[in-house]
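Survey of secondary and tertiary structure
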Amino acid sequence: MSTEALRPTLAQRLRLMDGRGRAAWVLVLCLAYFAALVATAAMMSESGLTTDFLHKKLAPCLEFPFGTDWLGRDMLVRTVKGLTRSLGIGLLAASVSSVVSAVLGTLSATLGRKTDAVVTTLIDLVMATPHLVLLILVSFACGGGATGVIIAVAVSHWTRLARIIRAEILQLKQAEFVMVSRKLGRSPWWIARKHMLPHIMPQFTIGLILLFPHAILHAAGLTFLGFGLSPHNPSIGILLSESMRHISTGYWWLAILPGLSLLVTVKLFDVLGNSLRVITDPKTSQE
Amino acid sequence: MHAISLRFCMGKAGRLALILSLVSVLAFTLVSLSPVDPVSAYIGIDRMQISAEQEQRIIDRWGLDRPAPERFFIWAGSVLRGDLGQSMIFNEPVTTVIGKRFVTSLWLMASAWLLSGVLGFVLGVVAGTRRNSLTDRIIRIYSYTLASTPSFWMGLVLLAVFSVALGWTPICCATPPGVSPDDATLWQRLHHLILPAATLSVIGVAQIALHTREKTIDAMNSEYALFAFAQGESRTGVAWRHAVRNVALPAVTLQFASLGELFGGSVLAEQVFSYPGLGKATVEAGIRGDVPLLLGITLFSAVFVFSGNFIADILYGVLDPRIRIGAEEAK
Amino acid sequence: MRVFNPLSCKGLSFIFAVCLLFLCLMGGSPAMAKDTLTLAVKGEPDEGYDPTLGWGRYGSPLFQSTLLRRDENLNIVNDLATARSLSKDGLVWDVTIREDAKFSDGTGLTAEDVAYTFNTAAKSGGKVDLVNLDKAEATGKYTVRLTLKKRDTTFINRLISLGIVPKAAHGPGYARKPVGSGPYMMVEWNEGQQMIAQANPHYYGDKPYFKKLVFLFTDEDTSFAAAKAGKVDVVVVPQALAVQTVPGMVLHPVKSVDNRGLMLPCVPDEGKVTDKGAPIGNTVTADLAVRKAINVAIDRDMLVKGVLEGFGTPAYGPCDGLPWDNAEANKFKDADPDAARKLLADAGWKDTDGDGIVEKDGVKAEFTVIYPADRQIRQYLALAVADMLKPVGIHAVVEGKRSWDEIKHLMHSCVIVFGWGAHDPIEIYQLYSSHHAGQGWNDPGYYKNAKVDEYMDAAISAESYEASLPLWKKSQWDGTTGSNTRGDAPWAWMVNLDHTYFVSEHLDVGVSQVEPHGHGWPITANIQKWTWKD
């Protein structure tokens, strides 16, 4: 990355001082965390998930860093597995949602006023009811289950990104270099590929990543409310809603630790998205 | 107040009508898609008790044996007459359930709304006046972290600390056990409100704080602020005397515009604290398949969100002279 | 600064005010006058409080009174009735009722009301087992005659469980506004939240000590939390919570005949559905070897210790310890995965693809275990049993359902965690008789054994209750066949529960009877004897 001829200090060499370099490091660390999480979940044996009445209701200790629950299941295993499941559901939903927003945003900006009006009304419609009410409605329509949660989150989260993409394309259409290209007789497809896509892609990617925290939180919330997954397959929402039963009896670790790990994970996605923004944003390139 | 012209209101009313009808179509389509059989969805557990004639009467009344589009028009027709049907899990007309539950929720939402507004605003102004100071950093980290915090988990933590460990606050419900809502004293109600309201306000605080911070920074860099500095006023003085005035209305506007999130948040908060409000009713309706109630709540929440945005729009017009002047010129 | 100062003063005073308010609130809730008792003992009936629709079918309906009742020792004693007689042929019951009984609205209770109640309940069908009742008629103002179609040794239990409703005030709205002759009358019922009852001024029996009862219908956890906060006087807790301590309360474990078992559908899935569209049959559990293997693999002692914290006993049948229990024959060696594996292997179940689950004829030994999502103990039992079945090669998927409607839809094709237990042998009939298979909650797994049916029919129409007992026992195991695990194993019974209550240390609840399955409020059976001591 760096081409300096002078011997830089360690910090300079690692580019810790400038905004972009730091962002890149943060990015790598976040990715490492997610990789570690997924790898751990894959490697952990199922044995921590089976009931073990000899080791039940243990507070966090060396052997069980997250403690054990009422049936002696290892909360660390449950949390890690649950977290990956929640992440998976959130990511899937967010991805579907972003595809929807890309398609609708593009259509709305390119196909003329009528389409635009339809898409804008659709956006208004989705925004007309509180997210959670829509989520509940959709998962009710799907008869609950994981699919219900994914569809519900997917159909309720695309509006914001669709608006961004729509605005971006509308702006680009008026941009000078696009006008010039058009005058030069470039095909619309060429313009879309060479001019539009490079501008939209970073916006889209960042939008997608910033969608993850919302999607994950809403998926967890919906599961927490009791729509969706079976308690046999731990997800963070399930763990937290189960812990609600035990919180009054003083088994705090059942709620605190899984929730904290969800918070950290969601926060990291936020950091990831923002770092990516710093790196791709031309304004910060000199910082 | 010229912004609130007749035409503006008419336009908004039309918009509301359009949104409401679209929401009804959407909601009705969704519930018709669900695997629950419409007859049991309307009659539910009562099906075992009521006579065959009564059941038939209900089927005829709501056209439950007809295809979905036809059912929709029957339902929409009675909604227009103000009849949202009968909630099967509460055994009362949907309008009564929503009315009662909303009053309970209103306590919660209003206090959370105020709390998050005031707290977020103060934090935002403080952070904005001391940009890049330690205070600012702390407030920013705090706000960004709050934004990633699952509010229901926050509720659980508060519950574990204040209700279980310290025993300061009640663990559930809107009133003490055995006291019916009508007999509860103001103290009792507030006592039961503290934690749910604190949980619910968590969502709003971050947003308002960050927004206000940006606006305060802008205001502090504005010419009139510079002028005031030149006259020897302190930063704090400028902030509270000049900036606040300009920052407050946008914050209030934003608060109104986020009523939807407040409503959504109340669903989760009420679930954590078993607070018998509209949010809890929504979850119950969804889980136990109370279709009339679910539809009613959806419509109601749409009106609620719309009112928030409407007020925000008006405030925005009052606030921004360009819009006001534009509206006057348009006349 | 001039502007800032007043503002911060305001801010400070605001904070101060909030703190003050906080302090006021912490000062504690107002002491309750002790003529009111707050109970969180669950048992809110979905259907309301109409005995003719099944309210109080396990006895002690609270708002209503019954002709007879069981005392602490389960002996049958008179309540509304002052005398009763059964004709020689066992077909006609003549009951004389007391003349001073009044409903809570002040009207007198007469034989007309009794006759009306029995006739109405018989017509409503389904829940109340009055199929053998031909007719009930008032023979005098205070005498009533109940005529049976055929002899029924269990019929006396209807006189114990059926609360009498007033003919004049009984109608569609009755279930939500009951009027009866019981010790208490309803004041207010907020469904899903609480119900307030006050002493019935017209009650003929001992005046209860407490003028007002508040029943909280919060869920298990909230109830427990309320108890910890000192807000309730009696709370029923899941056995798993009974090891906790609650300040100011003492644990009051009550023996019960309440049990938990896994219902195993006995017919294969052939694509059939009920008239309500519910699928029938489960090919895996329809195999006798699988049902037996499940029974043998379960470690019941471990369930009692682990899930119930010792507040219960292993269950080997639906009526452990009751006079009609064939105890010797019902016992078997469980917690024996080797024996279970052998049973499966002998029947042709083998793990051919190495995934740890056995197959036979291309069908994996897999099924779903359903439990009501709001019952902790049932969930724990289901999860624990699923883990006990895994090493045997049976894969049980555990799923919680929110409503009994959903469970009703699935109960003919999935394994369900049910609870039963009554002081009445008719329950065995409801569980195992193929005559009513699939109707209401009766024999949801379509279990059918002609010999078992024969014994049970004979038991019901036996000459006397005593003569019916050996027949009930034979229906469970006659040496060659029967409805227990040795026989067809249509259920896998897991545990019998002790009901665990926390009761305020000031409250004397007397001697509680051995409780039936927890519908309604069995602990209130002797509520007239409860007192408060400071």
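Starting from 1, residues in each chain are numbered consecutively following that chain's sequence as written. For naming, the first written chain is A and the first written ligand is 1, with later ones following in the order written. Note on the predicted model: pLDDT of at least 70 is required for a residue's local features to be given, and 80 or more for side-chain atom pairs to be given and counted; whole-chain, interface and lining totals, by contrast, use all residues.

Right, let's get into the overall build of chain A. Regarding its fold elements, chain A presents eleven helices and zero strands. Secondary structure counts use DSSP, requiring at least four H or I residues in a row for a helix and at least two E residues in a row for a strand, with both numbered from the N terminus. The N-to-C order of helical and strand elements in chain A reads α-α-α-α-α-α-α-α-α-α-α. Its C-alpha atoms give chain A principal-axis dimensions of roughly 80 × 60 × 30 Å. Burial analysis of chain A (287 residues in total) assigns 47% to the buried set. Here the C-beta atoms are placed from the backbone, and a residue counts as buried if at least 20 other C-beta atoms lie within 10 Å of its own, exposed if 12 or fewer do, and partly exposed otherwise.

A separate point is the overall build of chain C. A count of helices and strands for chain C gives 13 helices and 21 strands. If you line up chain C on its principal axes, its C-alpha atoms span 90 × 80 × 40 Å. Scored against the burial criterion, the 534 residues of chain C give a buried share of 52%. Within chain C, counting contacts between residues at least 6 apart in sequence, those at least 24 apart form 68% of the total. For the purpose of contact definition, each residue receives a C-beta atom placed from its backbone, and two residues are in contact when these atoms lie within 7 Å.

For the rest of this paragraph, the subject is the sheet that holds strand β6 (residues 133–138) of chain C. Residue and element names in this part refer to chain C. Here four strands make up an open sheet; going across it, the order is β4-β5-β7-β6 and the pairing antiparallel. Whereas interior strands pair on both sides, the edge strands pair on one side only; in this sheet they are β4 (81–86) and β6. With direction set aside, neighbouring strand axes in the sheet form an average angle of 15°. Orientation is described by axes fitted as lines to C-alpha atoms, over the contacting stretch for helices, and by angles from 0 to 180 degrees between their N-to-C directions. Across the sheet, helix α2 (residues 111–124) lies against β5 (92–97), β6 and β7 (143–148), angled at about 160° from β6, the strand it touches most. Following DSSP output, two strands are said to pair if at least two bridges run between them.

In a pair of packed helices, the angle between the axes and the distance between the axes together describe the arrangement. Residue and element names in this part refer to chain A. For the pair helix α3 (residues 75–110) and helix α10 (residues 236–247), interaxial distance at closest approach is 7 Å and the crossing angle is 130°. Classified by the angle between their axes, α3 and α10 sit oblique to one another. Contact residues: α3 offers R78, T79, G82, L83 and S86, while α10 offers I236, G237, I238 and L239. In this classification, the charged set is Asp, Glu, Lys and Arg, the nonpolar set is Ala, Val, Leu, Ile, Met, Phe, Trp, Tyr, Cys and Pro, and all remaining amino acids, among them Gly, are polar. Broken down by class, the residue content of the contact of α3 with α10 amounts to four nonpolar, four polar and one charged. Geometric relationships in this document are graded by angle, where less than 35 degrees denotes roughly parallel, more than 145 denotes roughly antiparallel, 65 to 115 denotes roughly perpendicular, and other angles denote oblique.

On to the interface of chain A and chain B. Residue-level contacts link 37 residues of chain A with 41 residues of chain B. Elements represented by at least two residues in the side of chain A that touches chain B include exactly α4 (113–128), α5 (131–141), α9 (188–225), α10 and α11 (253–280) of chain A. The class makeup of the residues in the side of chain A that touches chain B is 25 nonpolar, nine polar and three charged.

Note on helix geometry: an α-helix contains 3.6 residues per turn, so any two residues three or four positions apart are oriented the same way. Expected helix span is computed as 1.5 Å times (number of residues minus one). Under the 1.5 Å per step criterion, the end-to-end length of helix α1 (residues 6–33) of chain B is 40 Å for 28 residues, consistent within 8% with the ideal 40 Å. For α1 of chain B, the full list of buried residues reads I19, V23, L26, A27, F28, L30 and V31 of chain B.

With that out of the way, let us pick up the pairing of β4 of chain C. All names here are of chain C. One ladder, built from five bridges, connects β4 with β5; its direction is antiparallel. Across the sheet, the residue bridging to A83 is T96, located in β5. The hairpin formed by β4 and β5 contains five residues between the paired strands, and G90 there has a positive phi angle of roughly 75°.

Moving on: the pairing of strand β18 (residues 415–420) of chain C. Successive residues of a regular strand alternate their side chains across the two faces of the sheet. Residue and element names in this part refer to chain C. Taken across its six residues, β18 has five buried, putting it largely inside the fold. In this sheet, β18 lies alongside strand β12 (residues 249–263) in antiparallel orientation, the contact comprising five bridges. Note that in β18 the partner of G261 across the bridge is F418. The sheet contact formed by strand β16 (residues 366–372) and β18 spans two bridges and is parallel.

Shape descriptors only; they carry no functional weight alone.
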